[in-house]
Structures are given as C-alpha cells and as structure tokens.
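Spelled out, the chains give:
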Amino acid sequence: MARNILNRRKFLETAGGTVAGILAFRRSSFSREGAEKQNKPAELITRTLGRTGVRVPIVSMGVMNADNPELVRRAYELGIRHFDTAYVYQRGRNEEMVGRVLVEELKVRDRVVIATKILLRPQQRSLPVEEMKEIHRRMLEESLRRLQTDYVDILYSHDVSDPDWVKNPALIESLLALKEQKKVRFIGFSTHQNMNEVIRAAMEVKVYDVILTTLNYSLYDYAEYLETLKQAAAQGIGLVAMKTQCQQAWYRESVPPEMRRFYEGPIIHSALLKWVLRHEFMATAVPGFTTFEQLNTDIPVASNLEYKEEEKKFLEDRLVKRQMAAVCRACGQCLQSCPKGVDIPVVLRAHMYAASYGNFYQAREALDGLEPERSLQLCADCQQCQAKCVRGVNIARRLDELKILLA
Ligand code: SF4
Ligand code: SF4
C-alpha cells in the first residue's frame, strides 16, 4: 500500500504536474473571484440542433466534471442554454446540481435545454424489449426526480460504440416510448469510440434526433469521419461535440520548454474549441469547464470564431500536430494486438478521466462497465504489454499510469 502511495505521488510529481494542476484547478472552481470579469458577450452565435428545430448557442456546458453550482449559475448568466449531464455522473449529484440551480433556484426550466444519458451495461443490452423499457423507465424517472423536472429535452443512450446497438429494435422502441410519453423531447446517443461507424448506422435507422460525439483537433486528418458528420447533419441529425479540447495530458510529454506556453495558457483551449466549432455542421459543443477561468476562456469563442494570430500559430505548429498523434482516437485498431482482448480504447478513456480531468469516479465507472473478458484486470499478469497503437500512443505507459492513479 505504501509503495502504491509513493508511486502515485511520484507519478503526480513527474507527469508534468498535470494531475496536481487539475486538482488545484478544481479547488479554485469553488471561488467565484474573477468570474465577474467576463462580461456577457454582445451576442452569442446560435445554431439549430438539426431536426429538433431548437436553437442553442454554439458553446454549451458539459457539466460532467463540475461540482460547483455557482459555475452552472454563471454559465447561464453568460448566455449558455444547453447543459449536458448523465445519470451516472458523480453518482447522481451532477443531475441534482443541474436541477437545483436551473430549475429550483433560477426557475428557467423552459429556457434551457437539459440533456442527460442512460447507460445500459453490455449484459443488459440483450434483454427482451419489455425489460429494457422498464430499465429505461426507472432510470429516467430517477433522473427526472434529481433534475426536478417532468421531462428532459434530450435523452441519450450513453457510450455507444457498437453500430448494432444503435440499430437494436429494443433500444429504439424503449427510447421512442419515452418520447411518446413526453418524458423526453428528443432521443439520441453519445459515442466516444467507433464514432464513424455508429453514426453511419444511425443515418440508416433515421430515428435519432441528436448525437453527442467526440470531435477535437486530434481528428483533423480523419477525413472520412468529418465527411460522415457533414452528411449526418445534412440528414437533419443535431450534432453536439464533446472532448473538444482533447485534454489528454500525455501529448505534452515531449514538448520542449519553449513550446509549453502553447499548452499552459488559454490559447490551447480557445484555439481547439474554435477549430471544432468552425465546422458548421456541429450545432454546438459541450466543453467540460470546471473553473470560472476556463468558462471565461470558452465563452468568448461563442461570439467570435475568428482565429487570433496566436491561435493560428498553435494549430499550424508542426510539433503541436505531431503531439496530436499521441491522442487516442478510440479507433479500436489496437484491439487485435492485445492477446487477452482488453478493451484498450475504454481503458485509455478511463486514463483520460483520471489523468486529464482528475475525475477518478468516472474513470472507475468506465472500467466497471467493461465485461470481465475485456477488463483492465487482465493486464495484471502481463509481464510486458504487447499492445500497439497505429498512431503512436504509448499504451503500456498509459496502463502503468492508470494503475498508479487508481491504486
Ligand atoms: S490506442 Fe491507438 S489504435 Fe488504439 S484506439 Fe487509441 S488511437 Fe486507436
Ligand atoms: S498489458 Fe497485456 S493484457 Fe494489458 S493491454 Fe497490454 S498486452 Fe493486453
């Protein structure tokens, strides 16, 4: 145990201060000091969320990692109108905070778009339709109770990576039933992995109104995916971007000191968020700001997508582009290289939650959702990791870091 603590401390000290920095940031999120410095921008750019017809500012709030109600309140005051949470975030406290601030205190339920997500574990995905409907009904009722409302605007099936799941008739029937009961205005799913394929599948079935998907600068050369997004939007699917600032701390690993200013100031955040939102097929993005400083960096992007000189330099820098290759795209191409069948993309996402967001609970949630035959436990007996990334992500190192962080 002592060894684990020492290792964890050592990791925190040696990982470029990343995790320690995040924890410090999270502490500072309790202070509203500085929040008032950001005046409400004159006008936020809005876009229509596909066939829903709902117009929202291009910057929304991904509430997942936030635990300060004042931040939600301030986001609303600055013009943000779309708030993204989930049943599992912070064991329900995240939904409770959204309900308390927006519904109970500000009384603006009819002026905001609330999105939440329901996660069915892999073993629940083959249940008969009536059982699946019952699970969805119970979980949604609980979410509505926490949110203090009788409907959500968007209900996502959470964390979809299998195109067959998108097409599953029981899932579709369950979601549509909630829509018919008017407990949900629009249905959709969130996807972090295999995004291109699951979105293509959604375009075939034509029942999903909104998709919450990963889009960030590390995907700048993934032309096929960008084309899929464009076509999905043209079909009327409302697209919401997440993981926009790709805070996967490891791309800083080999950055020389003179380049670190790109990664340590606000430029990285505004440049990356602008890059996403300059794709007009994305209706909005849900950056997961957890501090007033981050909110104050993100909100001006909502009214001006023109790059500043520094932002352009950042995005065009060869080294920055090279570092982006170390960001996991969750393409799944490494799966065959692990002889034990570990779900490496999910494990790396758990690493991102722990090492980049400082959200250990969400990291464990992601890992707990894995079936035993795909879980991180299988790595315990491996002398040397043989898994290989097609892009250059150092999988073995991430696994070691994750074990230390979660020890
Ligand atoms: S580690 Fe590499 S190969 Fe594996 S999912 Fe991520 S980007 Fe793809
Ligand atoms: S440590 Fe072993 S089991 Fe784990 S991902 Fe690497 S090769 Fe697979």
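Everything below is about the structure printed above this text.
Residues numbered from 1 in each chain as written. Chains lettered and ligands numbered in written order. Predicted model: local features only at pLDDT ≥ 70, side-chain atom pairs only at ≥ 80, totals over all residues. Heavy atoms only, no water.

## Some remarks on the sheet that holds strand S10 (residues 284–285)
Consideration 1: Spatial ordering of the open sheet is given by S3-S4-S5-S6-S7-S8-S9-S10, a layout of eight strands whose pairing is parallel. Both outer strands of the open sheet, strand S3 (61–62) and S10, are each paired with one neighbouring strand and no more.
Consideration 2: Relative to strand S9 (residues 238–242), strand S8 (residues 210–214) runs parallel, the two sharing five bridges. Counterpart to Thr214 in the pairing with S9 is Met242. (Pairing = 2+ DSSP bridges. Helix = DSSP H or I, 4+ residues; strand = E, 2+ residues; numbered from the N terminus.)

## Details of the side chain of Gln362
Consideration 1: Here Gln362 lies in helix H16 (residues 360–368).
Consideration 2: Setting aside its immediate chain neighbours within four residues, Gln362 contacts Met64, Val88, Tyr89, Gln90 and Tyr353. (Contact = heavy atoms within 4.5 Å.)

## Focus: the environment of Pro345
Consideration 1: Note that Pro345 resides in helix H15 (residues 344–356).
Consideration 2: Residue classification places Pro345 among the buried positions, given a relative accessible area of 4%.
Consideration 3: Between the C-alpha atom of Pro345 and that of Arg329, which follows or precedes it by 16 residues, the distance is 8.1 Å.
Consideration 4: Here Pro345 is in contact with Gln193, Ala330, Gly332, Cys334 and Leu335, once residues within four sequence places are set aside. (Buried < 20%, exposed > 50% of the residue type's maximum accessible area, 1.4 Å probe, protein only.)

## A few points about the nonpolar core
Consideration 1: Counting residues in each nonpolar core, the largest one holds 86 residues, and the members touching the most others are Met61, Phe83 and Leu215.
Consideration 2: In contact with Met61, other than residues within four places in its own chain, are Ala66, Leu71, Val72, Ala75, Ile80, His82, Phe83, Asp84, Val286, Pro287 and Phe289.
Consideration 3: Among the nonpolar cores identified, the runner-up in size contains 32 residues, and Leu119, Cys338, Leu348 and Leu402 belong to it. (Core = buried A, V, L, I, M, F, W, Y, C linked by side-chain atoms within 4.5 Å.)

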